[in-house]
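Descriptive analysis of the structure
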Amino acid sequence: PPAIRKISEKHDKVFVTGCLEPDTSQPRANAAFVVLARNKELEGVLQSIKSVERHFNRWYHYPYVFLNDGDFDDKFKETVRNHTSAKVEFGKVAPNTWGFPDWIDPKVAKEGIAKQGDAAVMYGGLESYHAMCRFYSGFFYNHELLLKYDWYWRVEPEITYFCDITYDPFLKMIEHNKTYGFTIAVKELRETVPNIFRYASAYKRLNNITSKGLWEMFIEPQDPVKDKEKKKDPNLPVEVLQNDPNKNTAPEIDPEAMEGEKYNMCHFWSNFEIARLDWFRSKEYNDFFEMMDRSGGFWMERWGDAPIHSLAAGALLAPRDIHYFRDFGYRHTTIQHCPANAPARQLPRTPFLEKTTVDEKKRVEEDQYWENWDEVKENGVGCRCR
Ligand code: GDP
Ligand code: MN
């Protein structure tokens, strides 16, 4: 983790300190908010839109694209339209980008999912959640409604922004030649991704990819003595799910060949993301996704799109390509990020923290661990946080 501190000090500065008069005279970027949701999440969606509009989009009017594996009903569409002046489009997810691919045996996959449910892996027993993670890992960026856009800002139900965003983050990303932006980095629950790193690391090795300096952020510091023992650990990879052996493109994973590296479980929390869609559409990213997908890990384990995006970034991007939006006050359910002048910073024990369980508290602390404290302490980077 101190790695990210170094990265953010050396390669990435906050775009804007404090508040600006929003400059809306410049043309907008070719960008949209992307919201995957279900009809029953309308209330949470409204909370999110209200917050996005209040703190940013009332000045910038970026369009929204809503996606759903089912059909949005009229009430959902109408209510959403009534809460923004921006253009809103509603789309359906293509069936071949949701659910089991045809090369998988659904019976085996369903059994694998049930097992994860029994083992109380978070969301592990929910087939739809697996489908969602796979969609956000390998397909959303090619949805027909998104093809016209170069940039996206992901929004989920039940998020809150609590500082004003008085500049255009897309234009800043372009100006500073950034590819991927995050505001929270946390540790993944190990049991959701037991074998993810074997495959990510095999991708990197099989394609002769050398790190541009970001990969190191995702590996535990090495201990040469202990690592020798670890190499012998026969913790086997997930079974490859195939009913057509000719289509088996998943690599053989040699447990000896991970060069002693171990995933530290760190990932950018992907419910907030501002990123260049072209990167997701690149051959390299899609080769990565394809290889990860063919392992069956989206079903036999519960790989989230967050560690997938992060490990792909680790393999393919450099620290200078990443932007840490440390000035965005942001909360999603139990985890939040506060710039220095946000209320929760002044009062470390907010009711929000009191309400969380011990484990959640630990995760909140981990988020805070990633911050560039010195910079944040000196110049409250957020704007009108409340
Ligand atoms: P969490 O943030 O990891 O707890 O997971 P969420 O339940 O918030 O799901 C992540 C995102 O995917 C949210 O935008 C959800 O609205 C969306 N989502 C999850 N499952 C489904 C689903 O089955 N169908 C649709 N249309 N959206 C889903
Ligand atoms: Mn969510």
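Definitions and limits used
- Residues numbered from 1 in each chain as written.
- Chains lettered and ligands numbered in written order.
- Predicted model: local features only at pLDDT ≥ 70, side-chain atom pairs only at ≥ 80, totals over all residues.
- Heavy atoms only, no water.
- Donors = N, O, S within 2.8 Å, 3.2 Å for Na, K, Ca; no water.
- Helix = DSSP H or I, 4+ residues; strand = E, 2+ residues; numbered from the N terminus.
- Buried < 20%, exposed > 50% of the residue type's maximum accessible area, 1.4 Å probe, protein only.
- Patch = residues over 30% accessible without salt bridge, like charges linked within 9 Å, V, L, I, M, F, W, Y side chains within 5 Å.
- Areas by Shrake-Rupley, 256 points an atom, 1.4 Å probe, with all protein chains shown as cover.
- Salt bridge = Lys/Arg side-chain N within 4 Å of Asp/Glu carboxyl O.
- Disulfide = S-S within 2.5 Å.
- Near = heavy atom within 4 Å.
- Polar contact = N/O pair within 3.5 Å; in protein donor to acceptor, adjacent residues only side chain to side chain.
- Pairing = 2+ DSSP bridges.
- Axes fitted to C-alpha atoms, helices over the stretch in contact; angles between N-to-C directions.
- Contact = heavy atoms within 4.5 Å.

1. Thoughts on the coordination of the manganese ion (ligand 2)
Of the protein atoms, only Glu156 (OE) and His332 (NE2) coordinate the manganese ion (ligand 2), at distances of 1.9 to 2.3 Å. You can see glutamate 156 sitting in the loop between β4 (151–154) and β5 (159–161) and its partner histidine 332 sitting in strand β11 (residues 330–332), a full 176 residues away along the chain. Its relative accessible area of 17% is what places glutamate 156 among the buried residues. By relative accessible area, histidine 332 is classed as buried at 10%.

2. Regarding a nonpolar patch on the surface
A cluster of nonpolar side chains, namely Met122, Tyr123 and Leu126, defines an oily patch on the protein surface of about 280 Å² accessible area. Residue position: leucine 126 is located in the loop between α4 (106–118) and α5 (127–138).

3. A few points about the state of the cysteines
A covalent bond between the sulfur atoms of two cysteines is referred to as a disulfide. With the rule as written, the count across this model stands at two disulfides. Paired through a disulfide, cysteine 19 and cysteine 383 show a sulfur-sulfur distance of 2.1 Å. Between cysteine 19 and cysteine 383 the disulfide shows an S-S torsion of about 110°. By sign, it is right-handed. Here cysteine 19 is found in the loop between α1 (2–11) and β1 (31–36), whereas its partner cysteine 383 is found in the segment after α16 (373–378), with 364 residues between them in sequence. A residue is classified by how much of its surface remains accessible, and cysteine 383, at 2% relative accessible area, is buried. One disulfide in the model links cysteine 163 with cysteine 385; its S-S distance is 2.0 Å.

4. Here's the deal with the site of ligand 1
Close contacts around ligand 1 come from 14 residues, with Leu36, Glu41, Asp69, Tyr123 and Tyr129 the closest. A distance of 3.4 Å separates a nitrogen atom of ligand 1 from a polar atom in the side chain of arginine 38. For ligand 1, the protein covers 86% of the area, taking 560 Å² as the surface of the free molecule. Top contributing element to the shell around ligand 1 by residue count: α5, with three residues.

5. Comments concerning the sheet that holds strand β10 (residues 322–324)
If you trace the seven strands from one edge of the open sheet to the other, you get β3-β2-β1-β4-β9-β6-β10, paired in mixed fashion. Of all the strands in the sheet, the pair left with one neighbour each is β3 (88–92) and β10. Recorded for the sheet is a direction-independent mean angle of 20° between the axes of neighbouring strands. Examined bridge by bridge, strand β6 (residues 180–182) and strand β9 (residues 273–276) share two bridges and lie antiparallel to one another. Note on β9: the bridge partner recorded for tyrosine 180 is alanine 275. Sitting on the sheet, helix α2 (residues 42–60) is in contact with β1, β2 (64–68) and β4, with an inclination near 165° to β2.

Function cannot be read off these values alone, since they describe shape.
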